[in-house]
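Chain residues, written in single-letter form:
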Amino acid sequence: MTYKTRNMAALWCVSVRLGRVCRCSNRIIASRRNLSEHKSSDETDKEEGTEKSTHFGFESINESEKTGKVHEVFSNVASKYDVMNDAMSLGVHRLWKDRFMQVLDPLPGTRLLDVAGGTGDIAFRFINWIKEKELQQKKASPGAEFRLNPLETDDSESAPDLEFPSAEDYLYSEQREDTTGTDDRKDSKVIICDINQSMLEVGKERAKKLGLEDDVVWVTGNAEELPFPDNSVDAYTIAFGIRNVTHIEKVLCEAYRVLTPGGRFLCLEFSQVSNPLLSSVYDLYSFQVIPVLGELIASDWKSYQYLVESIRKFPNQEEFAEMIREAGFRMVSYENLTSGVAAIHSGFKI
Ligand SMILES: C[S@@+](CC[C@H](N)C(=O)[O-])C[C@H]1O[C@@H](n2cnc3c(N)ncnc32)[C@H](O)[C@@H]1O
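None of these values were measured; they are calculated from a predicted model. (Residues numbered from 1 in each chain as written. Predicted model: local features only at pLDDT ≥ 70, side-chain atom pairs only at ≥ 80, totals over all residues.)

Caption draft 1: Fine view of the overall build of the protein chain. Each helix and strand in the protein chain was counted, giving 14 helices and nine strands. Classification of the 350 residues of the protein chain by burial places 37% in the buried group. (Helix = DSSP H or I, 4+ residues; strand = E, 2+ residues; numbered from the N terminus. Buried ≥ 20, exposed ≤ 12 C-beta atoms within 10 Å, placed from the backbone.)

Have a look at this one:
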């Protein structure tokens with residue numbers, strides 16, 4: 001890195017601290033001290049016309065290949081994704097996700113963006129959580145009305161004005177932007193954004209079966225370039241999605257951008273088990289059992305081999321917390337689940 005580039009990176013850091021601004025490309029330059037060496041070799045690569053490499057599980061591939069390969073994995077597993085989750089974790093992923101929602105503890109009126117939302121586990125929990133809260137609030141003060149979906153009100157005459165928006169309405173309507181942050185908006189919203197249409201299709205089917213199809217807006221999009229305006233959601237969640245992306249820093253910057261000031265970033269992801277004994281058992285289980293289950297249940301050894309390898313390539317709890325801080329978030333903290341098999345990371349845009 002040249003002297004000039006270093007200065008620019010430092011200046012950028014200061015502007016982020018002062019203005020709470022996050023710009024992905026500069027952030028990558030200024031962040032992650034341990035990437036600085038790679039950076040110079042990357043620059044050399046660029047000059048030589050070669051491409052940066054990244055990991056796909058334990059395999060090293062060109063960066064431009066990763067999204068496609070990850071896409072293929074989730075297209076292959078989509079129809080068996082939910083049953084495999086239960087089989088691999090013996091149902092424990094449900095407890096982690098319940099805990100995740102407990103930590104988020106959303107209030108009626110929250111606009112949630114669930115990125116890499118796949119088949120809807122987090123969004124459905126959010127909807128049920130809000131409905132439960134609404135019931136409690138109704139009981140506490142019968143006059144007050146909070147709704148996840150205004151179409152569900154008894155007063156059908158008011159429905160046309162309050163129609164739950166389509167993704168386009170939600171994202172681009174002037175009216176929505178005008179009302180953002182005002183006190184009279186009481187309707188919660190949840191958008192699931194995922195890069196893989198097959199996962200979303202499975203999610204939509206599930207939503208229908210659960211009677212929740214009108215409560216969710218489904219958007220196909222890349223976490224690294226979210227198709228949402230700045231400051232447009234109160235909470236951003238990503239569960240078991242971020243380790244699959246090509247540039248974690250870009251995803252964090254995008255999360256920061258779309259969140260309103262005061263908004264919360266919450267991530268559930270596999271992490272590092274610190275207890276050596278437990279770690280060996282976990283490794284044994286991961287590498288010896290999970291691909292076999294993948295083959296037996298989903299006829300897909302390779303995708304589940306990727307799953308366990310990708311977990312090992314993901315930064316540990318502290319490293320990831322630091323990346324979240326570097327994206328501009330404050331009050332960053334994490335909580336280990338099942339001795340660190342998974343962890344919930346939290347940060348606020350303040
Ligand atoms: C392991 S699944 C998690 C699904 C869901 N959040 C859950 O907890 O069950 C990972 C999801 O990340 C999505 N994904 C991977 N890369 C993505 C990207 N760059 N942008 C958006 N979604 C992505 C995949 O399509 C897949 O649906």
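Having seen the model, we can carry on.
Caption draft 2: Inspection of the environment of F287 at higher detail. Along the chain, the position of F287 falls in helix 12 (residues 276-298). In this structure, the C-alpha to C-alpha distance between F287 and L307, residues 20 residues apart in sequence, is 9.8 Å.

Caption draft 3: Focus on the packing of helix 12 against helix 13 (residues 301-313). In the contact formed by helix 12 and helix 13, the axes pass within 7 Å of each other and the chain directions differ by 145 degrees. Classified by chirality, the crossing of helix 13 by helix 12 is right-handed. For the pair helix 12 and helix 13, the contacting residues are S286, F287, I290, P291, L293, G294 and E295 in the first and W301, S303, Y304, Q305, L307 and V308 in the second. Broken down by class, the residue content of the contact of helix 12 with helix 13 amounts to eight nonpolar, four polar and one charged. (Axes fitted to C-alpha atoms, helices over the stretch in contact; angles between N-to-C directions. Left-handed = near helix turned anticlockwise from the far one by under 90°. Contact = placed C-beta atoms within 7 Å. Nonpolar A, V, L, I, M, F, W, Y, C, P; charged D, E, K, R; others polar.)

Caption draft 4: Main features of the site of the ligand. A116, G118, N196, A223 and A239 are the nearest of the 20 residues found near the ligand. Of all the secondary-structure elements, those providing two or more residues to the shell around the ligand are helix 4 (63-77) and helix 7 (121-140). (Near = placed C-beta within 6 Å.)

Caption draft 5: A look at helix 13. Along its 13 residues, helix 13 runs 19 Å from first to last C-alpha, staying within 8% of the 18 Å computed at 1.5 Å per residue. For helix 13, the set of buried residues is S303, Y304, Q305, Y306, L307, V308 and I311. Those residues of helix 13 that are buried lie in contact with strand 1 (53-56), helix 4, strand 7 (259-270) and helix 12. (Expected span 1.5 Å × (residues − 1).)

Caption draft 6: Examining the sheet that holds strand 6 (residues 233-239) more closely. Taken together, seven strands build an open sheet; the order of strands is 5-4-3-6-7-9-8 and the sheet is mixed. The open sheet has two edge strands with one neighbour each: strand 5 (216-220) and strand 8 (330-337). Recorded for the sheet is a direction-independent mean angle of 15 degrees between the axes of neighbouring strands. Note: strand 7 against strand 9 (residues 342-348), seven bridges, orientation antiparallel. When the sheet's bridge partners are listed, E269 is paired in strand 9 with A343. (Pairing = 2+ DSSP bridges.)

Caption draft 7: Expanded view of helix 12. For helix 12, with 23 residues, the first-to-last C-alpha span of 31 Å sits near the 33 Å given by 1.5 Å per residue. For helix 12, the set of buried residues is S286, I290, P291 and G294. Downstream of helix 12 by a residue or two, S299 has a phi angle that is positive, lying close to 50 degrees.

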